[in-house]
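Examining the three-dimensional arrangement
Spelled out, the chains give:
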Amino acid sequence: ATRGDGEEGEDVTVNLKTIDDIPLKLNGSGFGAVFEVRGEVYMSHADFEALNVRQEADGKPVFANPRNAAAGSLRQLDPKVTASRPLRFFAYTWGEMSDMPADTQKGMIESFEKWGFTVNPLFHRSTSIEELLAFYHDVEERRAGLDYDIDGVVYKVDRLDWQGRLGFVSRSPRWALAHKFPAEEASTRLLDVEFQVGRTGALTPVARLAPVFVGGVTVSNATLHNMDEIERKDVRIGDQVVVRRAGDVIPEVVRALKEQRPADVHRVQQPPQCPVCGSDVIRAEGEAIARCTGGLVCSAQREGALRHFVSRRAMDVDGMGDKLIEQLVGSGRVQSPADLYTLTQAELAGLERMGEKSASNLVAALERSKHTELARLIYAIGIREVGEVTAQALAQAFGDLQPLIDADEAALLA
């Protein structure tokens, strides 16, 4: 199964059988009746380049990077397509186990290897902070020569009984720590700054850049976070700026190259009115973020709220994509999430890119979503400061929606 939303993933059993690094039958003995191994499917650089050569020769689109190619290949409906892609696998942890073959992290990884799984050859046990940091710098130096992408190393407490005592915070283990490598950087020209409005009304300044290749992709947009960050970095429109992919994923503007600043630059100004609905923009005391005051009157907030409401981790309404939400909001047909449940098959079928079958499936998906869990509904509503973990805590504490609605501050603090 894929990781999915952390609770439920996709069944990719047939596709995984095509990967040589995963044994169809375990070697030796010592494993229990239930043995859940976890790891990562990836594509090597050499295999990725060869795949793109084949794609080009066959007149098919090439892949942007090995990570996307691996993820897309793993989720193919036809296992023959997956089998034609050069996928590999590293086993590095476990889930449910009826019998533990070892009492240390190192012992578990060695067991995986003994039973026929491929494990990362750089795996190493250290006995001091100095050794850990030496290992980190060693891998950092070897990174460019590796045949696969990595963005850092992970330190884990070796003794499993100590892992158990340390436990978890939300989804993150207290016994493991990621140490990332510095992100790849490149310089380009800042052409303009536009403000995007999120589902909570937050205005995020987005840098429009002269396209630049960094971290394996071409970047033309990057986040500037908020006005405080822009002022702190003294970034101006027209500047030559340094861009990096934070965590090798989200591009961000790191700094302006002031020594190269041309004479015609100008400062970034926060708009006094929302660029989407024209409502006043305010910034509450102590907050770094300015917000549109329009609420669901603002189409950008309404679209964001609806996208959040129907997302997989919330109400999980399959078939309600971004383009459809834009149409429903743009026409004025949907003013709030509640309006989704008044949509009929006939009116959906009349929309662009929709047919009878798609409309029927969407109405069925909306109907299914009515029978969700309380925690998902609380999260879907999109209350500020209420993420998935808080939503689960509220659902467990109050048991039903009405007691939560009636709860005072003291009850919520408890």
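All chains use their own residue numbering, which begins from 1 and follows the written sequence. In keeping with the predicted nature of the model, local features appear solely for residues at pLDDT of at least 70, side-chain atom pairs appear and are counted solely at 80 or more, and the whole-chain, interface and lining totals rest on all residues. The side-chain quantities take in all heavy atoms of the structure and omit both hydrogens and water.

**Some remarks on the packing of helix α9 (residues 299-310) against helix α10 (residues 322-330)**
Only C-alpha atoms enter the line fits that serve as axes; for helices the fit covers just the stretch in contact. Angles between N-to-C directions range over 0 to 180 degrees. To qualify as a helix, a DSSP run of H or I must reach at least 4 residues; to qualify as a strand, a run of E must reach at least 2; elements of each kind are numbered from the N terminus. Running from N to C, α9 and α10 cross one another at 135°; their axes reach a closest spacing of 10 Å. Of the possible angle classes, the one that applies to α9 and α10 is oblique. For the pair α9 and α10, the crossing hand works out as right-handed. Facing α9, whose interface residues are Ser-299, Arg-302, Glu-303, Leu-306, Arg-307 and Val-310, α10 presents Asp-322, Ile-325, Glu-326 and Val-329. Charged residues are taken to be Asp, Glu, Lys and Arg, nonpolar residues to be Ala, Val, Leu, Ile, Met, Phe, Trp, Tyr, Cys and Pro, and polar residues to be all remaining types, Gly included. Grouping the amino acids of the contact of α9 with α10 by side-chain chemistry returns 4 nonpolar, 1 polar and 5 charged. For classification purposes, an angle smaller than 35 degrees is called roughly parallel, one larger than 145 roughly antiparallel, one from 65 to 115 roughly perpendicular, and anything else oblique. Put simply, a crossing is left-handed when the front helix is turned counterclockwise from the back one by less than a right angle, and right-handed when it is turned clockwise. When checking whether two residues touch, look at their non-hydrogen atoms; a contact exists if any pair is within 4.5 Å.

**With respect to unusual backbone geometry**
Even without being glycine, His-225 reaches a positive phi, approximately 70°. Checked against the element boundaries, His-225 lands in the loop between β9 (217-223) and α8 (227-233). Any residue under 20% of the maximum accessible area for its type is buried, any over 50% is exposed, and the rest in between are partly exposed; the area is computed with a 1.4 Å probe on protein chains only. The class of His-225 is partly exposed, set by a relative accessible area of 33%. The residue Asp-234 is not glycine, and still its phi comes out positive at about 50°. By secondary structure assignment, the location of Asp-234 is in the loop between α8 and β10 (236-237).

**Some remarks on the packing of helix α13 (residues 374-381) against helix α14 (residues 388-398)**
It is the contact of α13 with α14, at a shortest axis distance of 8 Å, that shows an interaxial angle of 130°. It follows that α13 is oblique to α14 by the angle criterion. Considering the relative orientation of α13 and α14, their crossing is right-handed. Contact residues: Leu-374, Ala-375, Ile-378 and Tyr-379 in α13; Glu-388, Ala-391, Gln-392, Leu-394 and Ala-395 in α14. Considering only residue class, the contact of α13 with α14 consists of 7 nonpolar, 1 polar and 1 charged.

**Topic: the environment of Asp-78**
Among the secondary structure elements, Asp-78 is positioned in the loop between α3 (66-74) and α4 (79-83). For Asp-78, a relative accessible area of 36% gives the class partly exposed. Sequence separation between Asp-78 and Asn-15 is 63 residues, and the spatial gap between their C-alpha atoms is 8.1 Å. For Asp-78, the side chain forms a polar contact with the main-chain nitrogen of Lys-80, separated by 3.0 Å. The term polar contact refers here to a pair of N or O atoms within 3.5 Å; inside protein, the definition further demands a hydrogen-donor-capable atom paired with an acceptor-capable atom, and it admits residues adjacent in sequence only when both atoms are side-chain atoms.

**Let's talk about the state of the cysteines**
Linking two cysteines covalently through their sulfur atoms gives a disulfide. Note on terminology: pairs of cysteine sulfur atoms within 2.5 Å are recorded as disulfides. For the coordinates displayed, the defined rule picks out 0 disulfides. Unpaired in terms of disulfides, Cys-274 finds its nearest cysteine sulfur in Cys-292, a separation of 3.7 Å. Cys-292 takes part in no disulfide bond, and the closest cysteine sulfur to it belongs to Cys-277, at a distance of 3.6 Å.

**Description of the environment of Arg-159**
Tracing the backbone shows Arg-159 in the loop between β3 (152-156) and α7 (160-166). With relative accessibility at 37%, the residue Arg-159 sits in the partly exposed group. Taking C-alpha positions, Arg-159 is 6.4 Å from Gln-105, a pair spaced 54 residues apart along the chain. Looking at Arg-159, its side chain comes within polar contact range of the side chain of Asp-161, at 2.7 Å.

**Some thoughts on the packing of aromatic side chains**
When the centres of two rings from Phe, Tyr and Trp lie within 6.5 Å, Trp using its six-membered ring, the rings pair. Their planes under 30 degrees apart give stacked, over 60 give edge-to-face, and anything left gives tilted. Taken as a whole, this structure holds 12 aromatic pairs when the rule is applied. Seen from their ring centres, Phe-35 and Trp-115 are 4.9 Å apart, and the 75° between their planes marks the pair as edge-to-face. One end of the pair, Phe-35, is in strand β1 (residues 35-42); the other, Trp-115, is in helix α5 (residues 105-115), with 80 residues separating them in the sequence. Neither Phe-35 nor Trp-115 differs from the other in exposure class; each is buried. Each ring, one from Tyr-136 and one from Phe-181, has its centre 5.1 Å from the other, and the planes form 40°; the classification is tilted. One end of the pair, Tyr-136, is in helix α6 (residues 129-142); the other, Phe-181, is in the loop between β6 (176-180) and β7 (185-197), and 45 residues separate them in sequence. Taken as a pair, Tyr-136 and Phe-181 share a single burial class, namely buried.

**Overview of the pairing of strand β8 (residues 203-214)**
Two strands are said to pair when DSSP picks up at least two bridges between them. Direction of pairing for β7 relative to β8: antiparallel, over a ladder of 7 bridges. Bridge assignment links Val-197 to a residue of β8, and that residue is Leu-203. Counting the residues between successive antiparallel strands, the hairpin from β7 to β8 contains 5 residues, one of them, Gly-201, with a positive phi of roughly 90°. With 6 bridges connecting them, β8 and β9 associate as antiparallel partners.

**Here's the deal with empty space enclosed by the protein**
In this approach the atoms are scanned with a rolling probe the size of a water molecule, which exposes any empty space left behind. Cavities and pockets were defined on a 1 Å grid built from protein atoms only: a cavity is a group of points that admits a 1.4 Å probe but offers it no way out, a pocket is an open group of points flanked by protein on both sides within 12 Å along at least five of seven lines, and a lining residue is one with an atom within 4 Å of any such point. Grid points are joined across faces, edges and corners, and a volume is the space filled by probe spheres set on the points. Counted under the stated rule, the structure contains 1 cavity of 30 Å³ or more. The computed volume of the largest cavity comes to approximately 40 Å³. Lining the largest cavity, in full, are Phe-195, Leu-203, Pro-205, Asn-226, Met-227, Gln-270, Arg-283, Ala-288 and Ala-290. Its residues assigned to classes, the lining of the largest cavity comprises 6 nonpolar, 2 polar and 1 charged.

**Some points on α9**
The terminal C-alpha atoms of α9 lie 16 Å apart, and with 12 residues this matches the ideal 16 Å at 1.5 Å per residue to within 8%. Across the 12 residues that make up α9, a large majority, 10, are buried. Where α9 is concerned, the buried positions are Ala-300, Gln-301, Arg-302, Glu-303, Gly-304, Ala-305, Leu-306, His-308, Phe-309 and Val-310. Check the buried side of α9 and you find it contacts β7, β15 (291-292), α10 and α13. Expected helix span is given by 1.5 Å per residue-to-residue step, counting one fewer step than there are residues.

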